[in-house]
Every structure is written in structure tokens, then in C-alpha cells.
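# Structural features, examined
Chain residues, written in single-letter form:
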Amino acid sequence: MFPQITPVTRNIIILNVVFFAATFLLGNLNLEALLAGYFPLSPNFRSWQIITHMFMHGSIMHIVFNMFTLYSFGPVLEQVLGQKKFIILYFAAGLGGFVLYNVWNYYEVSQLTSFLNSQAYDIREIYKYADNHYAGEMPITSNSEAVRDAAQKLFIILKTPMVGASGAIFGVIAAFSTLFPDAKLMFMFIPFPIKAKYLTPIIIAASIFLGFGQFSGDNIAHFAHLGGALIGFLYIWNWKKYRDRIQ
């Protein structure tokens, strides 16, 4: 599982490392606020974030895990699919992760907005304070605990960006699993080999459970993982179907 690195995979890894280093070396520019992926209705959203969020990472462990996984699976897929199709797979999975994550965010925002409007709470104030140009906490003027909680949740959704290549990476994993279902893989957190064909259903089931679970302290974008994995599976399923038809 340590293939010779291929050009597209190598360049994606280099770009991620450059972006990660720049985030710290150019800290005064606050690149995360500019390039991370915000909810599209947030005052902090910019159109380019749909792509640039894939190159931003929150910690050294975050980028190491993603890039090591890409290094492990990417070269094989790049050789089988070709460079162009591999690039399409990678970015389509990343976009799929962004879309599904924000579909869930939209549902939550709609529920919170509906409740706050029913309580005559001015949500325009929340959007104003959620803007990154505003420094400080959001003042919540309400005696109702339920209203305060809802306002805080809406503020967090608008203020918290999505970072990382995880949607694209999970798409790569799902694509590999679909293309090579009987390949045996080893992972640091699983003490025995596991066939690749079991990975995609495990990823999907875990992402659904953790995404809907909304467990305290869990700040991982599980629906981004799910969206990326689904795109990776569908892309390879369609590619294999077309390949078999023309053979």
C-alpha cells in the first residue's frame, strides 16, 4: 500500500502542504477566514471557498491523515483512471462533501430560523454578529433558555467554517473500494486486514450515525465524509459500467 507517487497525487499533496504552511506563516492575513468553506448563507461565505476549503486543514494530524491516505490510494486510482478522470473524481468528491454537509446545515438553519421567528427574535442581529469582521461574542437578549440556545446554535453554524480534504479523501477511499473490492487493507486502528469492499458501507453507516447523532464535542463534518464517499462510489460505478459497455 505504498505505491510510487504519481504526478497528480504528488501535486495535490504539495498544494495541501503549501496551504497548511501558509496558514501559519501568514497568520496575520487570517487565510482560514478567507479560504475555509462557510455555509453559503453565512456573511463569511465567498464563492471560491467551494474549492479552496479542500486545501485548508485544522491541525497537523488532520493533514497528515488525509495526505497519507491520499498517498496510499491515489496513485493506484490515478494509474487506472488516468490523470484527467482522477482529478475529476477527487474534486467531484470534495464538492459532493461540501454540498451534502451544507444541505444538512440548511435544514438546521431552517429549523432554527423558524423557531426564532416564532419567538419574535430578530435573526438579523445573529447574522450581523456572525460576520468575521465583528470581533467578540454575540449578545443574546432573551430570557428564554430555548431561544438563547437556538440563537447560539445558529451563530455557530454561520461562524464555523468547514476545512479539509476529507470529502475528497473519502471519495478516493470509496472509489478504491469499489474498484478493488477484494483488496486486503491494514489500518492503524484495526488490528487485522479488512477487505476493501467492506470499507464503503462502514464509512457510510458510521457517517450517518455520527452525523445524525450530533454528539457533544464532535466537530467533524461527517456529512462531508458521507457526501464524498457517495460520489466516489457513484463515479467508479458509472466508469465501470461505461468501460464494460465499450469492451
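Structure's up top.
Figured I'd write up the structure that's included with this text. (Residues numbered from 1 in each chain as written. Predicted model: local features only at pLDDT ≥ 70, side-chain atom pairs only at ≥ 80, totals over all residues. Heavy atoms only, no water.)

Overall, the coordinates contain two salt bridges when judged by the stated rule. The partner of E125 in a salt bridge is K128, with the nearest N and O atoms 3.4 Å apart. In this pair, E125 and K128 both sit in helix α6 (residues 124–130), three residues apart, roughly one turn of the helix. K128 gets classed as partly exposed once you look at its relative accessible area, which sits at 45%. (Salt bridge = Lys/Arg side-chain N within 4 Å of Asp/Glu carboxyl O. Helix = DSSP H or I, 4+ residues; strand = E, 2+ residues; numbered from the N terminus. Buried < 20%, exposed > 50% of the residue type's maximum accessible area, 1.4 Å probe, protein only.)

Packing of helix α5 (residues 83–118) against helix α8 (residues 166–179) leaves a shortest axis separation of 6 Å and a crossing angle of 125°. By the angle between their directions, the pair α5 and α8 is classed as oblique. As for the relative orientation of α5 and α8, their crossing is right-handed in sense. Here F86, L89, Y90, A93 and G94 of α5 come into contact with α8, specifically with G167, A168, I169, G171, V172 and A175. Taken together, the residues of the contact of α5 with α8 break down into eight nonpolar, three polar and no charged. (Axes fitted to C-alpha atoms, helices over the stretch in contact; angles between N-to-C directions. Parallel < 35°, antiparallel > 145°, perpendicular 65-115°, else oblique. Left-handed = near helix turned anticlockwise from the far one by under 90°. Contact = heavy atoms within 4.5 Å. Nonpolar A, V, L, I, M, F, W, Y, C, P; charged D, E, K, R; others polar.)

A few words now on α5. Count 3.6 residues to each turn of an α-helix, and residues three or four apart come out pointing the same way. Taking 1.5 Å per residue, 36 residues should reach 52 Å; α5 reaches 52 Å between its end C-alpha atoms and fits that length. Backbone geometry just downstream of α5 places A120 in the positive-phi region, at approximately 60°. (Expected span 1.5 Å × (residues − 1).)

Attention shifts here to helix α4 (residues 60–81). Taking 1.5 Å per residue, 22 residues should reach 32 Å; α4 reaches 30 Å between its end C-alpha atoms and fits that length. Remark: the principal bend of α4, roughly 40°, maps to G74, with a proline, P75, within the next four residues. Inspection of α4 places I63, N66, M67, T69, L70, S72, F73, G74, P75, L77, E78 and L81 among the buried residues, and these make up the whole buried set. (Bend = angle between axes of the 7 residues up to and from the residue.)

Tracing the sequence through the fold places T23 in helix α1 (residues 7–25). Of the residues examined, T23 reaches a relative accessible area of 18% and is grouped as buried. In this structure the side chain of T23 is engaged in a polar contact, spanning 2.8 Å, whose partner is the backbone oxygen of F19. Setting aside residues up to four positions removed in sequence, T23 forms contacts with L31 and M56. (Polar contact = N/O pair within 3.5 Å; in protein donor to acceptor, adjacent residues only side chain to side chain.)

Our focus in this paragraph is the environment of S42. Within the fold, S42 resides in the loop between α2 (31–35) and α3 (49–52). Each C-alpha atom of the pair S42 and W104 lies 14 Å from the other, and the pair is 62 residues apart in sequence.

All right, on to the nonpolar core then. Formed by 31 residues in total, the largest nonpolar core has its most connected members in L70, L77, F86, L89, Y90 and V172. Mapped by element, the contributors of at least two residues to this core are α1, α4, α5, α8, α9 (199–213) and α10 (222–246). With nine residues, the top contributor of residues to this core is α8. Excluding its chain neighbours within four sequence positions, the residues that come into contact with L70 are T9, I12, I13, P75, F86, Y90, I169 and V172. Listed in part, the 17 residues of the second largest apolar core include L116, A150, L154 and F155. (Core = buried A, V, L, I, M, F, W, Y, C linked by side-chain atoms within 4.5 Å.)

In short, the description is geometric, and any link to function would need to be established separately.
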